[in-house]
Amino acid sequence: MKFPGQRKSKHYFPVDRRDPLITQNPQMTELGQAYVVGIDQTLVDIEAHVDEAFLTRYGLSKGHSVVISDDVAERVYEELKANNMVVSEFAGGTIGNTMHNYSVLADSHSILLGVMSQDIRIGSYAYRYLCNTSSRVNLDYLQPVKGPVGRCFTFITECGERSFGINAGKMDHLDVAHIPEAVIKEASALVITAYLVRGADGTPMKEAAMAAVRYAREAKVPVVLTLGTRFVIDENPQWWRDFIAENVTVLAMNEDEGEALTGFSDPLMAADKALDWADMVLCTAGPIGLYMASYTEEESKRETTHTLLPGQIPEFNMYEFSRPMARLSCRNPARIYSHISPYMGGPEKIKNTNGAGDGALSAVLHDMVANSYHRMNVPNSAKHAAEFLTYSSLAQVCKYANRVSYEVLAQSSPRLSRGLPEKEDSLEEVYWER
């Protein structure tokens, strides 16, 4: 596993760098001892240039999002392919993106649960999904289904207007029988999205997701929830507050989702309120940057050397050099916060906003799994004097998440094609030294 983020100082990590003071445990250093599991609605994002007559022919509404049937989706796709109208086909899905990006960053394996078309033709959308997913993501547990995975069509007309056609296919047909209990109970984290629990009526996805959460809780495996969209939360905010309080360790959201959940439009206050229910919170806030909040042991707090920041919580980043912990792991829990502005002010040209939050979450997961991996291999290290959630301080995790988010914004795909550069081209190394 690669070390999360970049540092000038050397750490006893990775643990396969043999140190005479550390007793090596061959059994624990075998591949597979630290990994993350994600459950997703497998779908493919398909972008195409069309004319208005095309939209009319298929009953699509210009500038809007329309749910389309399997039959219409097949006819649309066949016409797009026959006339070379497809611009791009990318594997999509919030958790699928996150698992891919995690494996690229960590150079380590993850496991994706979901469905996949049983019959795959070369060049088809299901084929594209597999091609666009890192070989480090274990797809062996996908449930085979007769029919298509989900498809999200983006139709771009000559005026530049974007219209959308959404076809669920069989993406909500993951059943409980394909949730591997033993795999989840041995994982370092389970990652789910809010979309999973509002699957179409008559589909087994919600039951499967809840079973996975139950297995994780029984084994004290951290459950990570990303909210996905505020519209899901708006339907029943209190249900989500109760669900998070009962099941979730780490919560990821943007400022709109945070407002729907907490009632606070200010991302710092939304993150603070979310700590009433979760143990660690990631809140992305577009051009403002991102916020993180968590708990730590009162006696273990470490003061920052960064400039203290103003906000509705004065000097809120005072203890951002502390390492996050679950509230129940603290004798005297104290809340800690961190914030960072977009890396280098953000990309000169933003090519893609889809997936920036998924990229940030993948960095947080990398640091969490690295902590688990190190604890397994060097259990007597001072790094594990308490039950920390991450290997790094809240401030360092915040920087790492921000840097990965920038990388996604600067490219066309929501999935990373490579990890972070070993040496920053911008020479902005002070970013990592702060």
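As the structure is a computational prediction, the values presented were derived from the model and not from experiment.

(A) Quick look at the overall build of the protein. Within the protein, the regular secondary structure consists of 13 helices and 16 strands. Going through the 434 residues of the protein one by one, you find that 57% of them count as buried. The long-range fraction of contacts in the protein, counting pairs at least 24 apart against all pairs at least 6 apart in sequence, stands at 76%. As displayed, the protein offers around 19,200 Å² of accessible surface, 48% of which is attributable to carbon and sulfur atoms.

(B) Quick peek at helix α12 (residues 394-409). Here α12 contains 16 residues, and its C-alpha end-to-end distance of 23 Å stays within 8% of the 22 Å for a straight helix at 1.5 Å per residue. The element α12 is largely enclosed, with a buried count of 16 among its 16 residues.

(C) Geometry of the UniProt feature "binding site: GMP" (unreviewed entry) in the protein. Look at the UniProt record and you will see "binding site: GMP" (unreviewed entry) annotated at D40, Q41, T42, L43, V44, D45, G93, T94, I95, G96, N97 and R198. Within the secondary structure layout, Q41 lies in the loop between β1 (36-39) and β2 (43-49). Excluding residues within four positions of it along the chain, Q41 makes contact with G93, M171, D172, Y195, L196 and M205. The class for N97 is buried, based on a relative accessible area of 2%.

(D) The arrangement of the side chain of S338 in detail. Note that S338 resides in strand β16 (residues 333-340). A polar contact is formed between the side chain of S338 and the side chain of E320, at a distance of 2.7 Å. Residue contacts for S338: discarding those within four places in its chain leaves L290, Y291, M292, F316, E320, L394, A395 and C398.

(E) Representation of the nonpolar core. Residues F54, L80, F153, F155, M292 and L365 are the most contacted members of the largest nonpolar core, which totals 65 residues. If one sorts the elements of this core by residue count, helix α11 (residues 356-377) sits on top with nine residues. If sequence neighbours within four positions are ignored, F155 has contacts with A48, V50, F54, L55, L60, V76, L80, E161, R162, S163, F164 and G165. With 55 residues, the next largest nonpolar core counts Y35, V197, M205 and V213 among its residues.

(F) Focus on the side chain of Q41. For Q41, a relative accessible area of 8% translates into the label buried. Within polar-contact distance, the side chain of Q41 engages the side chain of D172 at 2.6 Å.

(G) Geometry of the sheet that holds β2. The strand order across the open sheet formed by five strands is β3-β10-β9-β2-β4, and the pairing between neighbours is mixed. Two strands close off the open sheet at either side, each with one partner strand: β3 (65-67) and β4 (86-91). On average, each strand axis in the sheet is inclined to that of its neighbour by 15°, with strand direction left out of account. Alignment of β3 against strand β10 (residues 162-167), held across three bridges, turns out to be parallel. By the bridge assignment, S65 is partnered in β10 with F164. Taken strand by strand, helix α2 (residues 70-82) contacts β2, β4, β9 (150-156) and β10, and its axis lies near 50° from that of β9.

(H) Region of interest: the environment of T304. Tracing the sequence through the fold places T304 in the loop between β15 (290-297) and β16. In the structure, T304 is positioned 18 residues away from S322 in sequence and 8.3 Å away in space, judged by C-alpha atoms. Aside from chain neighbours lying at most four places away, what touches T304 is N317, M318, E320 and F321. One polar contact links T304 to E320, side chain to side chain, over a distance of 2.8 Å.

(I) Here's a closer look at the sheet that holds strand β7 (residues 137-138). Overall, mixed pairing links the nine strands, which are arranged β7-β5-β1-β11-β12-β13-β14-β15-β16 in an open sheet. At either end of the open sheet lies a strand with only one pairing partner, and these are β7 and β16. The pairing of β15 with β16 spans eight bridges and is antiparallel. Its bridge partner being in β16, M292 is matched across the sheet by S338. The strands touched by α12 within the sheet are β14 (280-284), β15 and β16, with β16 carrying the most contacts at an inclination of about 35°.

(J) Looking closely at the pattern of salt bridges. According to the stated counting rule, one finds 19 salt bridges in the structure shown. Between R151 and E74 there is a salt bridge; the shortest N-O distance is 2.9 Å. Placement of R151 in strand β9 and of E74 in helix α2 is noted, with a sequence separation of 77 residues between them. Judged by its relative accessible area of 1%, R151 is buried. With its nearest N and O atoms 3.1 Å apart, the salt bridge here joins D234 to R230. On the criterion of helical spacing, the pair formed by D234 and R230 is a turn pair, its members being four residues apart in helix α7 (residues 230-235). Note on D234: relative accessible area 38%, which makes it partly exposed. Residue class for R230 comes out partly exposed when judged on its relative accessible area of 24%.

Rules used throughout
- Residues numbered from 1 in each chain as written.
- Predicted model: local features only at pLDDT ≥ 70, side-chain atom pairs only at ≥ 80, totals over all residues.
- Heavy atoms only, no water.
- Helix = DSSP H or I, 4+ residues; strand = E, 2+ residues; numbered from the N terminus.
- Buried < 20%, exposed > 50% of the residue type's maximum accessible area, 1.4 Å probe, protein only.
- Contact = heavy atoms within 4.5 Å.
- Areas by Shrake-Rupley, 256 points an atom, 1.4 Å probe, with all protein chains shown as cover.
- Expected span 1.5 Å × (residues − 1).
- UniProt positions renumbered as here; feature names shortened; annotations may be inferred.
- Polar contact = N/O pair within 3.5 Å; in protein donor to acceptor, adjacent residues only side chain to side chain.
- Core = buried A, V, L, I, M, F, W, Y, C linked by side-chain atoms within 4.5 Å.
- Pairing = 2+ DSSP bridges.
- Axes fitted to C-alpha atoms, helices over the stretch in contact; angles between N-to-C directions.
- Salt bridge = Lys/Arg side-chain N within 4 Å of Asp/Glu carboxyl O.

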